[in-house]
Amino acid sequence: MAYQTIKTFYANKNIFLTGGSGFVGVSYIEKVLRSMPDVGDIFILLRPRKGQGIQERLDAIKNNSVFDVIKASEGSDVLLNKIKPVCGDISEEKLGLSDNDFSILCDHVNIVVHCAATLDFETDLKTAITINLMGTKRIVELSKQMKHLQCLLHVSSAYVNSNKNYAMEKIYDAPANYNDIINYALTMDTDKLNSSAEKIMGDHINTYTFTKALAEHVVNDAKNDIRTCIVRPSMIVASWKEPVEGWTVSKNGPQGFIMGASKGVVRRLPVNQSLIYDYIPVDVVINTIIAGTWFSAQLPKNTPTVDGQTPIFHCTTSTCNPFRWKDISSILTTTLHKYPIRGAVWYPNIKFLPNLFMYWISSAIFHFIPAYILDFVTKISGGRPILVRLHKNVNRSLSKLAPFIFNEWKFDNARTLRLQEELSVDDQSVFYIDPTSLNWTPYFINLTLGVRKYLHKESDKTMKQALKKDFFLFIANGGVQLSIVIGIWYLSSFITGTPMLANFWAAFIPIIFGYFF
């Protein structure tokens, strides 16, 4: 198709964004403002919370590190002033909008980007239906009333098809009738609904994938009334290139465990290093959202769909640039020591274990025993002990995450790769959506540096002190390990009543255990 360029298309367009305070939301705002300064206003749906009004929440968003590049350029105030807060709540009728705000959106918005969702895999079914399914339905209903709407883009998830080993860029049969599920949420007792979750969800892994799958059908059913598009990211991780390499504010997935590993408190993880894990950088996701909107908005009026469905774009790497932990595990610990953090509490050493059984055993030794000791020291020092509670929460979450950790999915992204070819040469450079050239080793080094800077909030100025502390912790860690070996050796000799040299084998017990666990 002979389309106008993306920048031309977005000029003077007003955007309505949900989920604007989240990882994807702030990344989207930043990219649109930085790359397309001629865009109109960006209305973001915000709800007051924790004593903060929407203006205070907007100020917090503008203070996000994602905007550092924009703030370093001229005219940043003009750009940031294009962000307009709208008071509302995705879980309320009519999104909780005032009549005035409702009218403004209906009269002025050209593009809707729906990112808001509950991402908690432990969320009960009632909450997931209210936010992920009913919230999407409310967005569709509002979009239908917008006088100048050109596209509604819905951010879904590749894992809506986690009940399939291989998924194409199409909408599969619904796991249930979404109107029936909404009716359950409105009429059934909450406890009864939640207790019936497994029966209702069928072969879906959790409430998140189930309700997000149904939400896609809500969007698809609107395809003949408004232009629609769905983008399905896999696990979204730190930026590849923009706004800077390794930028992140998300603690999900690899960023979370690297954050814990760099502090020395997460030392073991259950991971099958031979499986393909589908990770996608956040900047690629944002570019796909921008390009997907552009594509769908310009489809011919008589055929506003692709193969009779809302256009679907997979933001994934499993089929075009597969990632396996075995390819980078050897450099991960090295990177943690090359770029340590000053706030480390123990010497970092991360090891992957192939199943949960081995992890539980190892966790008891390498996580909980040190956690109880450090929490005791913290408590008597007047601090707040948190490590035991942290590891209990991690272990509880791992039980829920096990299907994602020990299963492999492949998501076909041929249509998304073709979308890259539809772009002009300039747009292909600015709005890159093809991840096949991503080199995972330098990427994860940059991600580790991003975790250090943006999650641990340690600048380059702390590196010299951090390296000194890392060396001190190395000596201390070695001393503790040696003490354990000698202690077990001596204890064995004492119990058996034989000389230590006759029980030299006992010294190998902790060494062998540490090798396997």
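Model, not experiment: these values are computed from the prediction.

## Quick notes on the overall build of the chain
Thought 1: Secondary structure summary: the chain contains 21 helices and 13 strands in total.
Thought 2: In summary, the chain has a C-alpha radius of gyration of 25 Å against a globular reference of 24 Å for 517 residues, a match within 12%.
Thought 3: When the backbone C-alpha atoms are referred to their principal axes, the chain occupies close to 90 × 55 × 45 Å.
Thought 4: Counting across all 517 residues of the chain, residues that qualify as buried make up 53%.
Thought 5: Partitioning the contacts of the chain with sequence separation of at least 6, the portion at a separation of at least 24 is 82%.

## Some words on a nonpolar patch on the surface
Thought 1: On the surface, a cluster of nonpolar side chains totalling about 1100 Å² of accessible area is made up of Val 480, Ile 484, Ile 488, Phe 504, Trp 505, Phe 508, Ile 509, Ile 511, Ile 512, Tyr 515 and Phe 516.
Thought 2: When residues of the nonpolar patch are traced back to their parent elements, those giving at least two are α20 (463–496) and α21 (508–516).
Thought 3: Here the nonpolar patch gets six residues from one element, more than from any other, and that element is α21.
Thought 4: For Ile 484, the location among the structural elements is in helix α20.

## Comments concerning the layout of surface pockets
Thought 1: Counted as a void, the second largest pocket has a volume near 840 Å³.
Thought 2: If you go around the second largest pocket, you meet 28 residues; those closest to its centre are Ile 365, Phe 366, Val 480, Gln 481 and Ile 484.
Thought 3: At the level of elements, α15 (356–380), α16 (387–405), α20 and α21 are the ones that each hand at least two residues to the lining of the second largest pocket.
Thought 4: The element best represented in the lining of the second largest pocket is α15, accounting for eight residues.

## Some thoughts on the packing of aromatic side chains
Thought 1: This model, assessed by the stated rule, comprises 26 aromatic pairs.
Thought 2: When the centroid spacing of 6.4 Å and the interplanar angle of 20° are considered together, the rings of Tyr 277 and Tyr 279 count as stacked.
Thought 3: A residue is classified by how much of its surface remains accessible, and Tyr 277, at 8% relative accessible area, is buried.
Thought 4: Centroid distance Tyr 347 to Phe 474: 5.5 Å. Interplanar angle 55°. Geometry classified as tilted. Taken together, the residues Tyr 347 in the loop between α14 (329–338) and β12 (351–353) and Phe 474 in helix α20 connect sequence positions 127 residues apart.
Thought 5: Classification of Tyr 347 as buried rests on a relative accessible area of 15%.
Thought 6: The class for Phe 474 is partly exposed, based on a relative accessible area of 42%.
Thought 7: Through a chain of ring-to-ring contacts, three or more aromatic side chains come together here, namely Phe 257, Tyr 277, Tyr 279, Phe 323, Trp 325, Phe 352, Trp 440, Tyr 443 and Phe 444.
Thought 8: Here the basic side chain of Lys 94 rests over the ring of Phe 102, its NZ or CZ set 4.6 Å away from the ring centre.

## Comments concerning the UniProt feature "domain: Thioester reductase (TE)" (unreviewed entry) in the chain
Thought 1: Residues annotated by UniProt as "domain: Thioester reductase (TE)" (unreviewed entry) correspond here to residues 17–289.
Thought 2: Between the end C-alpha atoms of residues 17–289 there is a gap of 12 Å, over a span that is 42% helix and 14% strand.

## Here's the deal with empty space enclosed by the protein
Thought 1: This structure, assessed with the given rule, holds two cavities of 30 Å³ or more.
Thought 2: In this structure, the largest cavity is lined by Ser 27, Glu 30, Lys 31, Arg 34, Val 66, Glu 242, Pro 243, Trp 247, Val 282, Asp 283 and Ile 286.
Thought 3: At four residues, helix α2 (residues 23–35) tops the list of elements feeding residues into the lining of the largest cavity.
Thought 4: The residue makeup of the lining of the largest cavity, split by class, is five nonpolar, one polar and five charged.

## Side note on the UniProt feature "transmembrane region" (unreviewed entry) in the chain
Thought 1: According to UniProt, the "transmembrane region" (unreviewed entry) feature falls on residues 357–377, 471–491 and 497–516.
Thought 2: Span residues 357–377 is 100% helix and 0% strand, its end C-alpha atoms 30 Å apart.
Thought 3: Its end C-alpha atoms 29 Å apart, residues 497–516 is made of 45% helix and 0% strand.

## A short note on the environment of Asn 220
Thought 1: Within the secondary structure, Asn 220 is located in helix α11 (residues 207–220).
Thought 2: What makes Asn 220 buried here is its relative accessible area of 8%.
Thought 3: For the pair Asn 220 and Val 140, spaced 80 residues apart in sequence, the C-alpha separation works out to 10.0 Å.

## Things to note about the pairing of strand β1 (residues 15–18)
Thought 1: Along β1, one buried face is formed by Ile 15 and Leu 17 and the opposite face, lined by Phe 16 and Thr 18, is buried too.
Thought 2: Both β1 and strand β2 (residues 42–46) contribute to a ladder of three bridges, which runs parallel. Considered in β2, the bridge of Ile 15 is made with Ile 42.
Thought 3: Once you follow β1 into α2 and on to β2, the crossover reads as right-handed.
Thought 4: With four bridges joining them, β1 and strand β4 (residues 111–114) adopt parallel strand pairing. Of the residues in β4, the one forming a bridge with Phe 16 is Val 112.

## Thoughts on α14
Thought 1: Every buried residue of α14 is accounted for by Leu 332, Thr 333, Thr 335, Leu 336 and His 337.
Thought 2: Packing partners of the buried residues in α14 comprise α12 (254–263), β12, α19 (440–455) and α20.

## Observations regarding the side chain of Asn 477
Thought 1: For Asn 477, the position within the fold is in helix α20.
Thought 2: Given a relative accessible area of 10%, Asn 477 falls into the buried group.
Thought 3: Excluding residues within four positions of it along the chain, Asn 477 makes contact with Arg 267, Trp 346 and Tyr 347.

## Quick word on the packing of helix α7 (residues 125–144) against helix α8 (residues 178–187)
Thought 1: Packing of α7 against α8 brings their axes to within 10 Å, and their N-to-C directions diverge by 130°. It follows that α7 is oblique to α8 by the angle criterion. Between α7 and α8 lies a crossing of left-handed hand. Residue-level contacts link Lys 126, Ile 129, Leu 133, Met 134 and Lys 137 of α7 to Tyr 178, Asn 179, Ile 181, Ile 182, Ala 185 and Leu 186 of α8.
Thought 2: Taken together, the residues of the contact of α7 with α8 break down into eight nonpolar, one polar and two charged.

## Let's talk about the pattern of salt bridges
Thought 1: Summed over all chains, the structure comprises 12 salt bridges.
Thought 2: Note that Glu 93 is salt-bridged to Arg 138, the shortest N-O span being 3.4 Å. Taken together, the residues span a long stretch of sequence, with Glu 93 in the loop between β3 (83–87) and α6 (99–108) and Arg 138 in helix α7 at a distance of 45 residues.
Thought 3: On the accessibility criterion, Glu 93 (59% relative accessible area) is exposed.
Thought 4: Residue classification places Arg 138 among the buried positions, given a relative accessible area of 8%.
Thought 5: Two residues, Arg 415 and Asp 307, come together in a salt bridge whose shortest N-O distance is 3.5 Å. Placement of the pair is Arg 415 in helix α17 (residues 414–422) and Asp 307 in the loop between α13 (282–297) and β11 (312–315), with a sequence separation of 108 residues.
Thought 6: By relative accessible area, Arg 415 is classed as buried at 14%.
Thought 7: Residue classification places Asp 307 among the exposed positions, given a relative accessible area of 71%.
Thought 8: One network of salt bridges, in which partners are shared, links Glu 30, Lys 31, Arg 34 and Glu 242.

Conventions we followed
- Residues numbered from 1 in each chain as written.
- Predicted model: local features only at pLDDT ≥ 70, side-chain atom pairs only at ≥ 80, totals over all residues.
- Heavy atoms only, no water.
- Helix = DSSP H or I, 4+ residues; strand = E, 2+ residues; numbered from the N terminus.
- Rg over C-alpha atoms; globule rule 2.2 N^0.38 Å.
- Buried < 20%, exposed > 50% of the residue type's maximum accessible area, 1.4 Å probe, protein only.
- Contact = heavy atoms within 4.5 Å.
- Patch = residues over 30% accessible without salt bridge, like charges linked within 9 Å, V, L, I, M, F, W, Y side chains within 5 Å.
- Areas by Shrake-Rupley, 256 points an atom, 1.4 Å probe, with all protein chains shown as cover.
- Salt bridge = Lys/Arg side-chain N within 4 Å of Asp/Glu carboxyl O.
- 1 Å grid on protein atoms, 1.4 Å probe; cavity = no way out; pocket = protein on both sides within 12 Å on 5 of 7 lines; lining within 4 Å.
- Points joined across faces, edges and corners; volume = space filled by probe spheres on them.
- Phe/Tyr/Trp six-rings, centres within 6.5 Å; stacked < 30°, edge-to-face > 60°.
- Lys NZ or Arg CZ within 6 Å of the ring centre and 35° of its normal.
- UniProt positions renumbered as here; feature names shortened; annotations may be inferred.
- Nonpolar A, V, L, I, M, F, W, Y, C, P; charged D, E, K, R; others polar.
- Pairing = 2+ DSSP bridges.
- Right-handed = clockwise from strand over helix to strand, strands pointing away.
- Axes fitted to C-alpha atoms, helices over the stretch in contact; angles between N-to-C directions.
- Parallel < 35°, antiparallel > 145°, perpendicular 65-115°, else oblique.
- Left-handed = near helix turned anticlockwise from the far one by under 90°.

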